[in-house]
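Structural features, examined
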Amino acid sequence: MQPHWQAAVCVALCAALLFAGALVAAAGKEPATTGGEAMKTCFDKDWRFHLGEESDAFASEWRTREFDDTSWRRLDLPHDWSIELPRDPASPGGTLGGFFVDGVGWYRKRFSVPDSWGGKRVALNFEGVFKNAEVWMNELYVGRHPYGYSSFTMDLTDYIEAGAENLVVVRVDNSAPRHSRWYSGSGIYRHVWLLVSDLVHIAEGGLYVTTPEVSAASALVRLETTVVNESEADRSVTARWAVRAPEGEECGRREAAAEIPPGESHALTGELPLSNPRLWSPDQPSLYRVEVEVRAGDEVLDADATAFGVRRIEFSAAEGFLLNGEPVVMRGGCVHHDCGPLGSMSIDRAEERKVEVLKASGFNAVRCAHNPPAPAFLEACDRLGMLVIDEAFDNWRERGMPNDYHLVFDDWWQRDLDSMVLRDRNHPSIIMWSIGNEVKERGLAWGPGIARRLAERVRALDPTRPVTSAVNDWPRWEKVDPFFAELDVCGYNYLVGRYEDDHRRHPDRIMVATETFASQAYEYWRAAERLPYVIGDFVWTSMDYLGESGIGGSWFEGDEDAPVEGGWLPEWPWHQAYCGDIDVCGWKRPASYYRDLLWGSPDALYIGVHAPVPEGKKVARLDWGWPDVQASWTWPGLEGRELQVDVYSACEEVELLLSGTPVGRKKMAEEDRLIATFTVPYAAGELTAVGYRAGAKVVAHSLATTGPAASLRLTADRNPIWADPNDLAYVTVEAVDAEGRPVPTADHVARFAVTGPGHLAAVGSNNPRHTEAYRGDKHRLHRGRCLAIVRPSEEAGEITLRAEADGLAPAEITIGAQARPQP
């Protein structure tokens, strides 16, 4: 197969349109326009919400203008109602859904439409609604959108009443049980945008930027803008592009003209050379910007803008993955869409923080599992430097769950695939498209045909990137070969043992480990390092998530929460997957410290003490899990009991000492897989690990027994923050002893109060079995800490979070909320 993506490319998309029309942050206010200028306005504010529907008669009334919705809850989007409700052990979603509750929700919003919008195109863009969204405008049915993860636009032009108050109603139906293999959330959980333009306008996803030629000395930027004429007359239009360098200075302008008949569209193109371009990479994520106006004479009909990156991607079995001519092995991890304690509510800062945390932990790549992510997540990947595999579907025509995507695949796959590619194709972070995950068609006779249709559709919209699909094992493995033949890069899930055999059978096949077990991290990463045709390793998962409960946890066989007969996941109250290198609070887990060593931090050293197993109990754990070890030498009541201590180290020798007395010294061998194991009778004191090379001490790390908890301590991830509901402060809440050391045994209930221009958006911990709510003003510490998430309003000022717990000195933190600079 001739690769369609081997050419040099650049791409990136900024979700925000910045152009001549004024942006209005408050969706309830009348947006500003001037003459023919276009406008994109955040439409998140001042919705009314009702959970459930009593009858069809009620539902019919709720769509009307006359209905009095003042008793409904007033809220701003994004919104996830499932995270707000108490979890239920009888929830139909069960352990896969994390025992969260779904249902049906209704949203209503009234807004004024100025006279100037008469004759304009007006639309609403929904970044994500889970799921089965139906939209009414002024009591008239506009349309539906089944898929919960793809963005979609509803054209309201024929339903808008200019010079009057208008009503939009959205019904969200997530009531069908067993629709996902993980926590989905429910509601309008991403942003909504109001779009106003001329009837001659830029097509959705119609601004497209590529760089067919890239070198250190020069690059060629190719500009394309597709314009649609929905008027009743021929229109002569001009597209005017301006390209800006990362610092904002203008690099050049181009324009192109065309005459477009009514009811048709036309792609206008231009090219602009760049000298000494700033190339985009994870280490230097330089972003250019292009702004385009579509004009008829002096009138601006529509406008758009996007960030983009100049970079070249190449893939081959012989050389692997080259970025700007340099080999890159992807240190990857899979990421679901939820935002931990926030549920699926997609606040921009929450999406950004995921990328920050992963980047700080050594990841340079993520795979979006198993659906398109929020635009804000991709913007953060562009800005911070994170490679992305953008994935469309978890299943196709064959059923995975009773009410999953297979029910609508035949009717909707092309629209949803188009949505992903057209929305995301300008992101430089995206280096690969994935058309599916572990689809059952992979080994069936009709599977390659479906794969071909999807792959060809992707290539028609964006020929600059390879197409992949993640594939797991099949009884007769060679039957998957025709499926793989339709792909440019072949995704292997949990199949390290097949790499070399398949390379012998298909020496030109490019492979990527799209999912791997944490428990076999050493083997998978060594294979990716050693074999050039395996271009990266993506652990399941990099960031922990809700649902698929306990897939990475440990439990005792025979306990009440152990899997039921015939089941494979632990039962209530497990609700976090607990398989992430990073937990749902954004904190590193032991597997992440181990991965630091694999990825080239030779002097890293971690001490993990195994949680003691009660006598007569047997620990059970799946391959996605990691041993339950803690960086703690505080085990009151276990004096004299032997504890297993693991030291993660890449040194030649490791020595362990307790309060200065040697416990043991071990030479590290390949079979140790960077883990030295000791048995130590517990006694309070200081446990120290020392790493040696050539007999010389190169690194040491200690764990000290702490005193009893004396007070709380609050630490914000950032201070100040922006006075913007799209920002957040993540506050770590710790119990500390009299010397200020975290106390890992503390399990106090922390109570919170917020004063100032903000509120408590969520609370939570990394306890995968807790039964507490993620909404509220209190939460129990787990192993000495929990998390409080503070969300600012639009008012600048100081936000104070106070935390109290019985028997501990309280703590306060003041977080500055600053007015965000205007663009």
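Look a little higher up for the structure.
Here is a short report on the structure shown in this document.

**Examining the packing of helix α8 (residues 521–530) against helix α9 (residues 590–598)**
With their axes 11 Å apart at the nearest point, α8 and α9 run at an angle of 30 degrees to one another. Put simply, α8 runs roughly parallel to α9. Classified by chirality, the crossing of α9 by α8 is right-handed. On α9, the residues that touch Ala521, Tyr522, Trp525, Arg526 and Glu529 of α8 are Tyr594, Arg595 and Leu598. A per-class count over the contact of α8 with α9 returns five nonpolar, no polar and three charged.

**Focus on the sheet that holds strand β15 (residues 265–275)**
Strands sit in the order β11-β12-β15 across an open sheet of three strands; the sheet is antiparallel. Strand pairing shows two members of the sheet lacking a second neighbour, β11 (200–214) and β15, which therefore form its edges. Direction aside, the axes of adjacent strands within the sheet are offset by 15 degrees on average. Alignment of β11 against strand β12 (residues 218–229), held across nine bridges, turns out to be antiparallel. In the sheet register, threonine 210 faces β12, and the bridge partner there is arginine 222.

**Details of the sheet that holds strand β7 (residues 140–145)**
Strand order in this open sheet of six strands is β3-β2-β4-β9-β6-β7, and the pairing throughout is antiparallel. Both edges of this open sheet fall to β3 (73–75) and β7, since each of them pairs with a single strand only. Within this sheet the neighbouring strands show an average axis-to-axis angle of 25 degrees, counted without direction. Where strand β6 (residues 133–137) lies against strand β9 (residues 164–174), five bridges are found, and the strand directions are antiparallel. In the sheet register, alanine 133 faces β9, and the bridge partner there is valine 172.

**Side note on the pattern of salt bridges**
If charged atoms from side chains of opposite charge come close, those side chains can pair. This model, assessed by the stated rule, comprises 62 salt bridges. The salt bridge involving glutamate 134 is made with arginine 171; its shortest N-O contact spans 3.5 Å. Of the two residues, glutamate 134 is situated in strand β6 and arginine 171 in strand β9; the sequence distance between them amounts to 37 residues. Here the residues in one salt-bridge network are Arg244, Glu250, Arg253, Arg289 and Glu291, joined through shared partners.

**So, the packing of helix α2 (residues 348–360) against helix α3 (residues 375–384)**
Two elements in contact, α2 and α3, have axes separated by 8 Å at closest approach and are oriented at 40 degrees. The angle between α2 and α3 places the two elements in the oblique class. At the point where α2 passes α3, the crossing takes the right-handed sense. Together, Asp348, Glu351, Glu352, Lys354, Val355, Glu356 and Lys359 of α2 and Ala376, Phe377, Ala380, Cys381, Arg383 and Leu384 of α3 make up the contact between the two elements. Of the residues in the contact of α2 with α3, the class split is six nonpolar, no polar and seven charged.

**A closer look at helix α4 (residues 409–424)**
If you check α4, its first and last C-alpha atoms are 21 Å apart, about what 16 residues at 1.5 Å a residue would give, namely 22 Å. Residues of α4 that are buried include every one of Phe409, Trp412, Trp413, Asp416, Leu417, Asp418, Ser419, Met420, Val421, Arg423 and Asp424, and no others. Of the surrounding secondary structure, the elements contacted by the buried residues of α4 are β7, α3, β23 (387–391), β24 (430–437) and α5 (447–461).

**Focus: the packing of aromatic side chains**
Applying the stated criterion across every chain, the model contains 44 aromatic pairs. Between phenylalanine 99 and tryptophan 572, the ring centres sit 5.5 Å apart and the planes meet at 90 degrees, which makes this aromatic pair edge-to-face. Highlighted residues: phenylalanine 99 in the loop between β3 and β4 (103–113) and tryptophan 572 in the loop between β29 (554–556) and α9, separated in sequence by 473 residues. By relative accessible area, tryptophan 572 is classed as partly exposed at 28%. Geometrically, the ring pair formed by tyrosine 492 and tyrosine 499 is edge-to-face, given 5.9 Å between the ring centres and 70 degrees between the ring planes. The ring of phenylalanine 678 has lysine 666 lying over it, and the distance from NZ or CZ to the ring centre is 5.1 Å.

**Topic: the nonpolar core**
One finds Phe321, Met330, Trp396 and Tyr499 to be the most contacted residues of the largest nonpolar core, which totals 108 residues. Non-local contacts of tryptophan 396, meaning those with residues more than four positions away in its chain, are made with Tyr405, His406, Phe409, Ile435, Gly436, Val439, Glu441, Gly447, Ile450, Ala451, Leu454 and Phe483. Core analysis: the second largest hydrophobic core is formed by 30 residues, Val113, Ala133, Leu156 and Val196 among them.

**Considering the pairing of β24**
In terms of residue burial, β24 counts as a mostly covered element, since eight of its eight residues are buried. Sheet analysis places β23 next to β24, joined by four bridges and oriented parallel. Bridge pairing in β24 places isoleucine 389 opposite methionine 432. Following the backbone out of β23, through α4 and into the adjacent parallel β24, one traces a crossover that is right-handed. When β24 meets strand β25 (residues 467–471), the two strands line up parallel, connected through three bridges. The partner of serine 434 across the bridge, within β25, is threonine 468. As for the winding sense of the linkage, the β-α-β connection from β24 through α5 to β25 is right-handed.

Thresholds, definitions, all that
- Residues numbered from 1 in each chain as written.
- Predicted model: local features only at pLDDT ≥ 70, side-chain atom pairs only at ≥ 80, totals over all residues.
- Heavy atoms only, no water.
- Axes fitted to C-alpha atoms, helices over the stretch in contact; angles between N-to-C directions.
- Helix = DSSP H or I, 4+ residues; strand = E, 2+ residues; numbered from the N terminus.
- Parallel < 35°, antiparallel > 145°, perpendicular 65-115°, else oblique.
- Left-handed = near helix turned anticlockwise from the far one by under 90°.
- Contact = heavy atoms within 4.5 Å.
- Nonpolar A, V, L, I, M, F, W, Y, C, P; charged D, E, K, R; others polar.
- Pairing = 2+ DSSP bridges.
- Salt bridge = Lys/Arg side-chain N within 4 Å of Asp/Glu carboxyl O.
- Expected span 1.5 Å × (residues − 1).
- Buried < 20%, exposed > 50% of the residue type's maximum accessible area, 1.4 Å probe, protein only.
- Phe/Tyr/Trp six-rings, centres within 6.5 Å; stacked < 30°, edge-to-face > 60°.
- Lys NZ or Arg CZ within 6 Å of the ring centre and 35° of its normal.
- Core = buried A, V, L, I, M, F, W, Y, C linked by side-chain atoms within 4.5 Å.
- Right-handed = clockwise from strand over helix to strand, strands pointing away.

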